[in-house]
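Here are the chains, one letter per residue:
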Amino acid sequence: MPTEPALAMRGITKRYGPVTALHEVDLDIAPGEIVGLLGHNGAGKTTLMSIVAGLLRPDNGQVRVLGKDPVREPDEARRGLGLAPQELGIYPPLTVRQNLLFFTELAGLRGRAAERRIEEVAEPLDLTGLLGRRAGRLSGGEQRRVHTAIALVHRPPLLLLDEPTAGVDVQTREKLLSMVRTLAAGGVAVCYSTHYLPEVETLEGSVAVLSGGRMVARGTLKELIRQYGDSGVELTFSGGPPDLHLDWPVMRDGKVLRITVEQPHLAVPRVMEALGDAAGELVNLRVVHPSLDSVFLRVTGRRYDALAEEATA
């Protein structure tokens, strides 16, 4: 018998005046599945999560969180999910323990049961030694871990993480990614929004790509790479790229030329020959193999590294 999705979205549309943030978006997440939600700024990722959490109402379509409608059954739906939005949701004057206790009690736990739950989320996020510290005196990475722990303290079967590693150090990033893998192994469904494609590859989950409010790609890493992952040669010039006459498709993007070819390593000598005198303006040559990076470029028309720079600007 098929397992009911932890999250089921059908035909979700959301408009802000003349701007359509989401257009007829479908998305299912099964128990134990990690979905890397990708897209440039303004693609609709935060709007999608806000609708799932019941913070926004869709203009059209249906959402079910563990079978509950966040609009008609908000209390029941929210009990089944944990949300860690981009903006930190901690109380700086309170200690880490007090922050976690507050949200644990909101979930209806008291006394020793609440303490056990706090210990359960503190240990994997390396917060045990920080429980007595005021949240406002922690480092940015430590505060981000507290923020994530708050979303987990009531053991939600569906977890929404919106840019959970934005601005954190490498150690914090590794702890958060390890925690996500552990939760999924225990049956938690995870929607993981990020600007960093290597995180999605590390998590080895499935992928959903939003562009202009539309779901433009959905599937496992292997499926999407097989369907969309181009290989080729990427050339970067100090000035404007030259016009190349080759048998393969050539795309121009600022100072970059991308040549799509199935065996790029064999094509490099012909590419260099075609450059002629323009080779003196070449500052970088990169052989591109099928990857999530090339999938993102293919389905959105934009490079992932430009996306990451946009996120940190």
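Note: the structure precedes this text.
Each value, and the rule that gives it
Residues numbered from 1 in each chain as written. Predicted model: local features only at pLDDT ≥ 70, side-chain atom pairs only at ≥ 80, totals over all residues. Heavy atoms only, no water. Pairing = 2+ DSSP bridges. Helix = DSSP H or I, 4+ residues; strand = E, 2+ residues; numbered from the N terminus. Axes fitted to C-alpha atoms, helices over the stretch in contact; angles between N-to-C directions. Parallel < 35°, antiparallel > 145°, perpendicular 65-115°, else oblique. Left-handed = near helix turned anticlockwise from the far one by under 90°. Contact = heavy atoms within 4.5 Å. Phe/Tyr/Trp six-rings, centres within 6.5 Å; stacked < 30°, edge-to-face > 60°. Buried < 20%, exposed > 50% of the residue type's maximum accessible area, 1.4 Å probe, protein only. Lys NZ or Arg CZ within 6 Å of the ring centre and 35° of its normal.

Asks: Account for the sheet that holds strand E1 (residues 7–16), naming residues and giving values.
Replies: In spatial order, the strands read E2-E1-E4; together these three strands make up an open sheet with antiparallel pairing. For this open sheet the edge positions go to strand E2 (19–29) and strand E4 (60–65), each flanked by a neighbour on one side alone. Going across the sheet, the axis of each strand differs from the next one's by a mean of 25°, ignoring polarity. Bridging between E1 and E2 involves seven bridges; their strand directions are antiparallel.

Asks: So what about the packing of helix H3 (residues 96–106) against helix H4 (residues 111–122)? Which residues, and what values?
Replies: At a minimum axis distance of 10 Å, the contact between H3 and H4 shows a crossing angle of 120°. Between H3 and H4, the angle is such that the two are oblique. The two elements H3 and H4 cross, and the hand of that crossing is right-handed. For the pair H3 and H4, the contacting residues are Arg97, Leu100, Leu101 and Thr104 in the first and Ala114, Glu115, Arg117, Ile118 and Val121 in the second.

Asks: Lay out the packing of aromatic side chains in plain terms, naming residues and giving numbers.
Replies: Taken as a whole, this structure holds three aromatic pairs when the rule is applied. Seen from their ring centres, Phe102 and Phe103 are 5.1 Å apart, and the 85° between their planes marks the pair as edge-to-face. Look at Phe102 and you get partly exposed, because its relative accessible area is 36%. Residue classification places Phe103 among the partly exposed residues on the basis of a relative accessible area of 21%. Through pairs of rings, three or more aromatic residues link up here, namely Tyr91, Phe102 and Phe103. Lying across the ring of Tyr196, Arg173 places its NZ or CZ 4.9 Å from the centre.

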